Amino acid sequence: MSHARGRFQYRLCFINFLYLLSSAGGSAQSQPASSYAIMHAKIFTLSGSTIDDGTLVIRDGKIAGVGVGLDIPAGAHMIDAKGLQVYPGLFDAVTQMGLREVGAVSATVDSTETGNFNPDVVAATAVFPSSEHIPVTRAAGITEVLAVPGSGGFDSGGGGSIIGGQASAIHMGGWEIDEMLIKKSAAMVLNWPQVETQTFDFTTFSRKEKPYSEAKQEYDKQVNEITDWLERARHYAQAMEKGSAAGYDRDVKLEALVPVVRGELPVLVFADRAREIRNAVEFCDKQKLRMVLAGGKEAYKVKDLLRSKDIPVILRPMLTLPPDEDDPYDRLLSQPAELAAAGVKFAFASFDNSFARRLGQNAANAVAYGLPYDEALKAVTLYPAQILGIADQIGTLEQGKLANVIVTDGDPLELTTDVKYLFIRGQLTSLDNRHLRLYEKYSKRPKPQ
Amino acid sequence: MSSKTFRILNLLYVFCFLYGPLARPATPPDAPAVIVIQNATILTVSHGTIEHGSILIKDGKIAAVGQTVKAPKDAQVMDAAGQFVIPGIIDCHSHIALEAINEGSVSVSSMVDMEQVLNPEDIDIYRDLAGGVTAANILHGSANAIGGQTLVIKLRWGQPAAKLPFEGAMPGIKFALGENPKRSNFSVPGQPRRYPATRMGVEETIRAAFAEAGDYKKAWEEYNKRAAAGEKNLIPPRRDLRLEPLVEVLEGKRYVHSHCYREDEILMLLRVAKEFGFKVRTFQHVLEGYKVADELAAAGVGASTFSDWWAYKVEAYDAIPYNAALMTRRGVVVSVNSDDAEEATHLNQEAAKSIKFGGLSHEEALKMVTINPAMQLGIDKWVGTIDVGKDADLAIYNRDPLSAYAVVQKTLIDGRVYFDRQRDIAERPEREKEKKVLIEKLKKSEKKPEEKKPDATVPSGQKKPEMKKTEEKKPEEQPKPPQNGASDSAAVLSGGAL
């Protein structure tokens, strides 16, 4: 007990310390420090070898240096990190961060638009910078996420669009969305249609079954619709290239699809079953789209195809039951090891917001079932950055990259590890959050009379 | 049923309660009578950690524990070098092994009994076994203020339904407070709202039911008294299946497990319980339990909560991962439960989170999935720690179980190995082969032109519509990340609602 109390007090002191330094926790007038030197830390750069007693220098939002015996800039705030470890901040590659506050309250949910084709909606528009989920998730060492619209969800009313909109890569901190943006349009969401023989009818609130032939017909119709949208986007792109001479009417939906058909913007294709994945791969190949697979419960069944087409995967949590009752019980847990051995590139993600803090736990579970540790660590840092085309900015601790950095007292994937310091764009950022505040408040509740 | 039968039934309950241990079955036939687990790190939970220790199991019970254990020559030796043994995990809130979860059409459904809908072939039993779970509290859903009757089972995979119930364990009943029983998040278009629709109505529903149950109890007592006095031509009261379980609650023969979230509704049920003279055994979820921890401790009621679920509905917006630790520190017996077949596969990890969130010790954290839920379910005299005389219900990990890197190697119930990871892996090629043969058989039978089944065209690899999908067996709380596609709607369907 005394040990527990000691820990708690230590934490409080630590938080107070952060309040003094933090930009997000302090008043708007105070100018945050612009350079830091994290000293005597074990530094996991993820780009080169691990440094045992190294220094990481942060200046003007970026990593100014990583190594041993570096020059410390004058006026830098020094942090003695003896016994601590430094990593790039974790990256959750599929979330509804800021798009959903309380799942059951539709007024607080902005994750999924109505209608099937919404290529012009952008997640960043609706990400609520004051969402309580952001600091809660940040406390788990997550410094950036992909906010994904239109990707379904148990609170999306059972609907879900086909083209869900544009996903935005954001920092997990900043006063307003402009400060949070890493890449406003990082991927176009495509929920690959399923052949559904079982559906749920909300008007009668009952389950409906339909014959396979009918379900297949509907599936084909939806795929044709996608093809049609892409065709029109291609024509639109041609008209745009010709400029005003083409005399075309502006269409914001088609305009949003232009980077997709040009192969500039990746398509984040949500599919889990092998058949759907195969169909989606074939489709994207034919349409010359840059595909990123999201979900991938049965990616192992098509690993050679994914490898040969160089299609990366953002895997749904390992802590998910297998799709079929005759699957091995650890089917999803052992899949990452199998994909890594086959040379398929993948990242891990929570596919959620309130469960985002389980990102490290999921990665650790993949290690428990055979994935090399380094691969697991990269699957929550470097690989998502590479998959989303922002590895030039984040994902490793290299000079010149944005300083999204965490300092921990241990393995960041382990359940009991604490994040001690967290930097976003070089700013020492508060680890305070709704949960910690409620804990402190009720820890102090006197005995009732 | 005659009053005599009713009295016998009552007596039987008393009998089970008093003599439960004697009525428990011997070792299953295919388990060796004597097993010795050797060279293990044993986390006893009751008396510390034993390095390089041994556990002797005789007839399904723990016969000896220690660094040196004398094993008879005929004992089957299980070498556990480098491995960690803990008491089997007990999940205090589960909905596995069930054909149905909610009888949600009425506000008081105490007449329904989960034991009648046990499904021993539910694959989730095996999946949870593979997560080290040996016993689970099988609950009715939370669609109504007073839900159905509940029971504790052991996860004896492969045994018939009759072999699942935990012998001697007190039966229970599910209550529910807050958003679910008032149907805040569920509505069927075109149907009127069911009473209650407010927390006031939830309280009134419970009070009204217990007022009735009190009268019913009195009527029977009066009848039994007069019958015992030899009075002739008495007409017994009409038997009421809805009130009988509530009478058992009043008589202390049935535990109340109440789903709840908010601080106010927790105190509300404690007041109602006091008014009618019954005890609440556990508050389930109890995500705001940390706000009223002293009141919970004073009432001697257990709290069974989630590790870190939050924000899936308004009443879960003040949920904090420090809940378990804060309640523990204020003297409440706390367990961490799953409410979900998947979550149950890593309850060891969920318990470990209280070390980080709130600074509990390793042992305090481990207790929350072993002895604490055992105490809450009144089965601690048989399970929950590694002590001589207790059932040999054990989980064996390849490393410290309070780590995300730990993997269950074996799970034993009554000294019998019900899960063995190495055996599971070794048997996979054989199972694949069997599946292929079955699929071929099915394909052949479908080629006959006269049999025009609607799903005959379903390609292999896709499940037939009537087979249950994993996604359909969602927990009643539904906070888990979404599954893609149609299952979302299925989730809404089963989401504590129907």
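Q: Please give an account of the overall build of chain B that cites residues and values.
A: Along the backbone of chain B there are 12 helices and 16 strands. The buried share among the 498 residues of chain B stands at 53%. Summarising the internal contacts of chain B: among those between residues at least 6 apart in sequence, 68% fall at separations of at least 24.

Q: Give a detailed account of the sheet that holds strand E11 (residues 282-285) of chain B, specifying residues and quantitative values.
A: Residue and element names in this part refer to chain B. Taken together, the eight strands give an open sheet; going across it, the order is E6-E7-E8-E9-E10-E11-E12-E13, and neighbouring strands pair in mixed fashion. What marks the edges here is a single partner per strand, and that holds for strand E6 (89-94) and strand E13 (334-336). Within this sheet the neighbouring strands show an average axis-to-axis angle of 25°, counted without direction. Sheet topology places strand E8 (residues 146-154) next to strand E9 (residues 172-176); three bridges connect them, and they run antiparallel. Along E9, the bridge assignment pairs Thr-150 with Gly-172.

Q: With reference to specific residues and values, describe the nonpolar core.
A: One finds A:Leu56, A:Val86, A:Val267, A:Val269, A:Leu293, A:Ile314 and B:Val85 to be the most contacted residues of the largest nonpolar core, which totals 262 residues. Among the elements that line this core, the one with the most residues is helix H3 (residues 199-228) of chain B, at seven residues. Each of domain 1 (2-88 + 431-443) and domain 2 (90-394) of chain A gives at least three residues to this core.

Q: Could you give an account of the environment of B:Ser445, naming the residues involved and the relevant values?
A: Residues and elements named next belong to chain B. Structurally, Ser-445 can be placed in helix H11 (residues 421-447). For Ser-445, a count of 11 C-beta atoms within 10 Å puts it in the exposed group. Separated by 365 residues in sequence, Ser-445 and Ala-80 place their C-alpha atoms 48 Å apart.

Q: Go over H11(B), please, and point to the residues and values.
A: All names here are of chain B. When the terminal C-alpha atoms of H11 are compared, their 39 Å separation across 27 residues agrees well with the 39 Å that a helix rising 1.5 Å per residue should span. In the structure, H11 departs most strongly from a straight axis at Arg-428, where the bend amounts to approximately 40° and where the proline Pro-429 lies between one and four residues downstream. In terms of residue burial, H11 counts as a barely covered element, since only zero of its 27 residues are buried.

Q: A description of the domain arrangement of chain A should follow, citing residues and the corresponding values.
A: All names here are of chain A. Once the domains are mapped, chain A shows domain 1 (2-88 + 431-443) and domain 2 (90-394). Facing eight residues of domain 1, the contacting portion of domain 2 comprises 11 residues. The class makeup of the residues in the side of domain 1 that touches domain 2 is four nonpolar, two polar and two charged.

Q: Account for the sheet that holds strand E13 (residues 291-295) of chain A, with residues named and values stated.
A: Strand pairs in the sheet, formed through backbone hydrogen bonds, run parallel or antiparallel to each other. Residues and elements named next belong to chain A. Strand order in this open sheet of eight strands is E6-E7-E8-E9-E12-E13-E14-E15, and the pairing throughout is mixed. A single partner strand is all that each edge strand has here, and the edge strands are strand E6 (90-95) and strand E15 (346-348). Ignoring strand direction, the axes of neighbouring strands in this sheet form an average angle of 25°. In this fold helix H7 (residues 274-286) packs onto strand E12 (267-271) and E13, with an angle of close to 155° to the strand it touches most, E12.

Q: Hey, could you go over unusual backbone geometry for me, with residue numbers and the actual values?
A: In this model, B:Tyr195 is joined to B:Pro196 through a cis peptide bond whose omega is 0°. Along the polypeptide, B:Pro196 turns up in the loop between E9 and H3. One non-glycine residue, A:Phe351, lies in the positive phi region at around 60°. Tracing the sequence through the fold places A:Phe351 in the loop between E15 and helix H10 (359-368).

Q: Outline H7(A), supporting the account with residue identities and numerical values.
A: All names here are of chain A. The terminal C-alpha atoms of H7 lie 18 Å apart, and with 13 residues this matches the ideal 18 Å at 1.5 Å per residue to within 8%. Of all the residues in H7, the buried ones are Glu-276, Ile-277, Ala-280, Val-281 and Cys-284. One side of H7 holds all its buried residues, which, seen down the axis, span an arc of 135°. Turned more than 90 degrees off the buried face of H7, the exposed positions are Glu-282 and Lys-286. Buried residues in H7 make contact with E12, E13 and helix H8 (303-308).

Q: Run through the environment of B:Glu430, naming residues and quoting values.
A: With respect to the element layout, B:Glu430 can be found in helix H11. Distance in space between the C-alpha atoms of B:Glu430 and B:Ala325 is 46 Å, their sequence separation being 105 residues.

Q: Outline the packing of helix H5 (residues 212-242) of chain A against helix H6 (residues 252-261) of chain A, listing residues and values.
A: Residue and element names in this part refer to chain A. Running from amino to carboxyl end, H5 crosses H6 at an angle of 90°, the nearest separation of the two axes being 8 Å. Judged on the interaxial angle alone, H6 and H5 are roughly perpendicular. The residues of H6 that touch H5, namely those facing Trp-229, Leu-230, Arg-232, Ala-233, Arg-234, Tyr-236, Ala-237 and Met-240, are Leu-254, Glu-255, Leu-257, Val-258, Val-260 and Val-261. A per-class count over the contact of H5 with H6 returns 11 nonpolar, no polar and three charged.

Q: Please set out the pairing of strand E9 (residues 181-191) of chain A residue by residue, giving values where relevant.
A: All names here are of chain A. Two elements, strand E8 (residues 163-171) and E9, share six bridges in a ladder whose sense is antiparallel. Its bridge partner lying in E9, Ala-169 is registered against Lys-183. Note: E9 against E12, four bridges, orientation parallel. For Val-189, the partnering residue across the bridge sits in E12 and is Leu-268.

Q: I'd love a proper account of the environment of A:Leu99, names of residues and values included.
A: Of note, A:Leu99 is situated in the loop between E6 and helix H2 (123-126). Look past the residues within four positions of A:Leu99 in its chain and what remains in contact with it is A:Asp110, A:Ser111, A:Ala123, A:Ala126, A:Val127, A:Ala147 and A:Pro149.

Q: So what's going on with the pairing of E6(B)? Which residues, and what values?
A: Residue and element names in this part refer to chain B. Along E6, six of the six residues are buried, which leaves the element largely enclosed by surrounding structure. One ladder, built from four bridges, connects E6 with strand E7 (residues 133-138); its direction is parallel. Counterpart to Ser-94 in the pairing with E7 is Ile-138. Taken together, E6, helix H2 (residues 123-129) and E7 constitute a β-α-β crossover, and its handedness is right-handed.

Q: Explain the confidence of the model for chain A to me, using residue names and the numbers behind them.
A: Residue and element names in this part refer to chain A. Per-residue confidence for chain A averages 91 on the pLDDT scale, and 90% of its residues sit at or above 70. Within the model, pLDDT remains below 50 along residues 1-29, and this stretch shows 29 contacts once partners closer than five positions in the same chain are excluded. Predicted confidence for residues 154-159 stays below pLDDT 50, and this span has 19 contacts to residues more than four positions away or in other chains.

Q: Any chance you could break down the confidence of the model for chain B for me, citing the residues and the numbers?
A: All names here are of chain B. With 84% of its residues at a pLDDT of 70 or more, chain B shows a mean pLDDT of 88. Counting interchain partners and residues more than four positions distant, the pLDDT-below-50 stretch residues 1-23 has 15 contacts. Here residues 451-475 is a poorly scored stretch, pLDDT under 50, and it has 38 contacts once near neighbours within four places are set aside; other chains count. Interface scoring of the predicted complex returns ipTM 0.92; its pTM is 0.89.

Q: A description of the packing of H3(B) against helix H5 (residues 263-276) of chain B should follow, citing residues and the corresponding values.
A: Residue and element names in this part refer to chain B. Contact pair H3 / H5: the axes reach a minimum separation of 11 Å and the direction vectors enclose 15°. If you check the angle between H3 and H5, you find them roughly parallel. The two elements H3 and H5 cross, and the hand of that crossing is right-handed. Contacts between H3 and H5 involve Arg-199, Glu-203, Ile-206, Arg-207, Phe-210 and Gly-214 from the former and Glu-265, Met-268, Val-272 and Phe-276 from the latter. In the contact of H3 with H5, the residues fall into five nonpolar, one polar and four charged.

Criteria and cut-off values
- Residues numbered from 1 in each chain as written.
- Chains lettered and ligands numbered in written order.
- Predicted model: local features only at pLDDT ≥ 70, side-chain atom pairs only at ≥ 80, totals over all residues.
- Helix = DSSP H or I, 4+ residues; strand = E, 2+ residues; numbered from the N terminus.
- Buried ≥ 20, exposed ≤ 12 C-beta atoms within 10 Å, placed from the backbone.
- Contact = placed C-beta atoms within 7 Å.
- Pairing = 2+ DSSP bridges.
- Axes fitted to C-alpha atoms, helices over the stretch in contact; angles between N-to-C directions.
- Core = buried A, V, L, I, M, F, W, Y, C linked by C-beta atoms within 7 Å.
- Domains from an automatic or database assignment.
- Expected span 1.5 Å × (residues − 1).
- Bend = angle between axes of the 7 residues up to and from the residue.
- Nonpolar A, V, L, I, M, F, W, Y, C, P; charged D, E, K, R; others polar.
- Arc of directions from axis to C-beta.
- Parallel < 35°, antiparallel > 145°, perpendicular 65-115°, else oblique.
- Right-handed = clockwise from strand over helix to strand, strands pointing away.
- pLDDT = per-residue confidence, 0-100.
- Left-handed = near helix turned anticlockwise from the far one by under 90°.

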